[in-house]
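# Descriptive structure summary
Read off the chains here:
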Amino acid sequence: TRSTRPQRILKAVQNNATRGDAESVIAAIDNFCRKKEWAMNVGDDKGPILDSVVSEVSPSFALELGTYCGYSTIRIARLLPPGSRLLTLEFNPDYAAIAHQIIAWAGLQDKVELLEGPSRDLIPQMKERFGIKSFDFVFLDHWKEFYLPDTKLLEECGLLRKGTVLLADNVICPGTPKYLEYVRNSPCYESCYFKSHLEYTKVEDGLEKSVFLG
Ligand SMILES: CCc1ncnc2c1ncn2[C@@H]1O[C@H](/C=C/CNC(=O)c2cc(-c3ccc(F)cc3)cc(O)c2O)[C@@H](O)[C@H]1O
Ligand SMILES: [Mg+2]
């Protein structure tokens, strides 16, 4: 049977990237998705914006919603200080299996915990089961209609603290209007938009950075 796109992305990494070299894994995925097959990675245009926010926050505890193939997982994990942890949630077992292998190829498996399941089930378990007090950084890149309910769930579960940074992908394309309206109008957030382009295209897209004010 035909391979899947994530399987072809993994093969591109194994054929073109050096084990243990996260930069070469990022480059291999970007080259494949720019030249061979588009895929919904945050990409090499929005990626540096993600990098700069992660570096600025330098989180001890980071959360990613929507792992897919692990591209942004690697972009984030490669910048984390020693001893910090990135938890990434993925409910498609086939995508999770590919992401595990790509994260391992980059040599970042010790900084990343990939949790399989829907975010609405895993977020309420963060304190008890995963020992998380609160997150310093959250990257939202899963199904766009879940950005707002999951943000409210993170608030309700006491997983955000004064200064927690939320960074949301695709706020223009495909768009996350309900989430944007919430973080831009809520007195509990200070929000700003970083204009960029949809991965591997000239179409406008951007990232919304929202600081939780407590
Ligand atoms: C139940 C909650 C929940 N819990 C746990 N994991 C979850 C989950 N909901 C989803 N997942 C996983 O996350 C990933 C989905 C990501 C969804 N992302 C886009 O749809 C998207 C689209 C475009 C675009 C497409 C076509 C265009 F023409 C233009 C733009 C560009 C982008 O950057 C995009 O991120 C998959 O791995 C899901 O298995
Ligand atoms: Mg995205």
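Everything discussed here concerns the structure shown above.
What comes next concerns the included structure.

Reading guide: rules and limits
- Residues numbered from 1 in each chain as written.
- Chains lettered and ligands numbered in written order.
- Predicted model: local features only at pLDDT ≥ 70, side-chain atom pairs only at ≥ 80, totals over all residues.
- Heavy atoms only, no water.
- Pairing = 2+ DSSP bridges.
- Helix = DSSP H or I, 4+ residues; strand = E, 2+ residues; numbered from the N terminus.
- Axes fitted to C-alpha atoms, helices over the stretch in contact; angles between N-to-C directions.
- Contact = heavy atoms within 4.5 Å.
- Near = heavy atom within 4 Å.
- Polar contact = N/O pair within 3.5 Å; in protein donor to acceptor, adjacent residues only side chain to side chain.
- Areas by Shrake-Rupley, 256 points an atom, 1.4 Å probe, with all protein chains shown as cover.
- Donors = N, O, S within 2.8 Å, 3.2 Å for Na, K, Ca; no water.
- Buried < 20%, exposed > 50% of the residue type's maximum accessible area, 1.4 Å probe, protein only.
- Right-handed = clockwise from strand over helix to strand, strands pointing away.
- Parallel < 35°, antiparallel > 145°, perpendicular 65-115°, else oblique.
- Left-handed = near helix turned anticlockwise from the far one by under 90°.
- Nonpolar A, V, L, I, M, F, W, Y, C, P; charged D, E, K, R; others polar.
- Phe/Tyr/Trp six-rings, centres within 6.5 Å; stacked < 30°, edge-to-face > 60°.
- Lys NZ or Arg CZ within 6 Å of the ring centre and 35° of its normal.
- Core = buried A, V, L, I, M, F, W, Y, C linked by side-chain atoms within 4.5 Å.

The strand order across the open sheet built from 7 strands is β3-β2-β1-β4-β5-β7-β6, with neighbouring strands paired in mixed fashion. The two strands at the open ends of the sheet, each matched to only one other strand, are β3 (112–116) and β6 (189–197). Averaged over all pairs of adjacent strands, the angle between their axes in this sheet comes to 15°, without regard to strand direction. Of the pairings in the sheet, the one linking β6 to strand β7 (residues 204–212) comprises 9 bridges and is antiparallel in character. Paired with Phe194 across the strands is Leu207, a residue of β7. Where helix α3 (residues 43–57) meets the sheet, it contacts β4 (135–140), β5 (160–168), β6 and β7, and its direction lies at approximately 150° from that of β6.

Bringing the site of ligand 1 into the picture now. In the vicinity of ligand 1 there are 24 residues, among which Glu90, Asp141, Lys144, Asn170 and Glu199 approach most closely. Between ligand 1 and Glu90, the relevant distance is 2.5 Å, taken from an oxygen atom to a side-chain nitrogen or oxygen of the residue. One of the side-chain N or O atoms of Glu199 is found 2.5 Å from an oxygen atom in ligand 1. The protein chains hide 83% of the 800 Å² of surface that ligand 1 would expose on its own.

Okay, the coordination of the magnesium ion (ligand 2) next. Reference values for coordination geometry: four tetrahedral donors around a metal ideally subtend 109.5 degrees, six octahedral donors ideally subtend 90 or 180 degrees. For the magnesium ion (ligand 2), the full set of protein donor atoms is Asp141 (OD), Asp169 (OD) and Asn170 (OD1), at a range of 2.0 to 2.2 Å. Coordination of the magnesium ion (ligand 2) draws on donor residues from a single chain, spaced D-x27-D-N in sequence. Asn170 carries the same exposure label as Asp169, and that label is buried.

This part takes up the pairing of strand β2 (residues 85–90). For a regular strand, the rule is simple: side chains alternate between the two faces of the sheet. Burial within β2 is extensive, with 5 of its 6 residues counted as buried. Pairing analysis gives 5 bridges linking strand β1 (residues 61–65) to β2, with the strands arranged parallel. From the neighbouring strand, Phe61 faces β2, where its bridge partner is Arg85. In the classification by handedness, the crossover that spans β1, the intervening helix α4 (residues 71–77) and the parallel β2 is right-handed. Note: β2 against β3, 5 bridges, orientation parallel.

We now examine the packing of helix α1 (residues 5–16) against helix α2 (residues 22–35). Axis separation between α1 and α2 bottoms out at 9 Å; the angle between their running directions is 125°. As far as their axial angle goes, α2 and α1 are oblique. Considering the relative orientation of α1 and α2, their crossing is right-handed. Note on element contacts: α2 touches α1 through Val25, Ala28, Ile29, Phe32 and Cys33, opposite Arg8, Ile9, Ala12, Val13 and Asn16. For the contact of α1 with α2, the per-class residue count stands at 8 nonpolar, 1 polar and 1 charged.

With that settled, consider the packing of aromatic side chains. Any pair of aromatic rings gets described here by the distance separating the centres and the angle formed by the planes. For the coordinates displayed, the defined rule picks out 6 aromatic pairs. Geometrically, the ring pair formed by Tyr147 and Tyr179 is edge-to-face, given 5.6 Å between the ring centres and 90° between the ring planes. With a gap of 32 residues between them, Tyr147 in helix α8 (residues 147–156) and Tyr179 in helix α10 (residues 177–185) connect regions that are remote in the sequence. Take Tyr179: its relative accessible area is 1%, and that puts it in the buried class. Each residue in the set Phe91, Trp143 and Phe146 is aromatic and connected to the rest through ring pairs, giving one cluster. Sitting above the plane of the Trp105 ring, Arg19 keeps its charged end 4.2 Å from the centroid.

On to the nonpolar core. Residues Val25, Ile29, Ile74, Ile102 and Phe137 are the most contacted members of the largest nonpolar core, which totals 43 residues. Those elements that provide at least two residues to this core are α1, α2, α3, α4, α5 (93–105), β3, β4 and β5. Contacts of Phe137, omitting those with residues within four sequence positions, involve Leu50, Val53, Val54, Val57, Pro59, Phe61, Ala62, Leu63, Ile76, Thr164, Val165 and Leu167. Membership of the second largest hydrophobic core comes to 28 residues, among which are Met126, Val138, Leu159 and Leu180.

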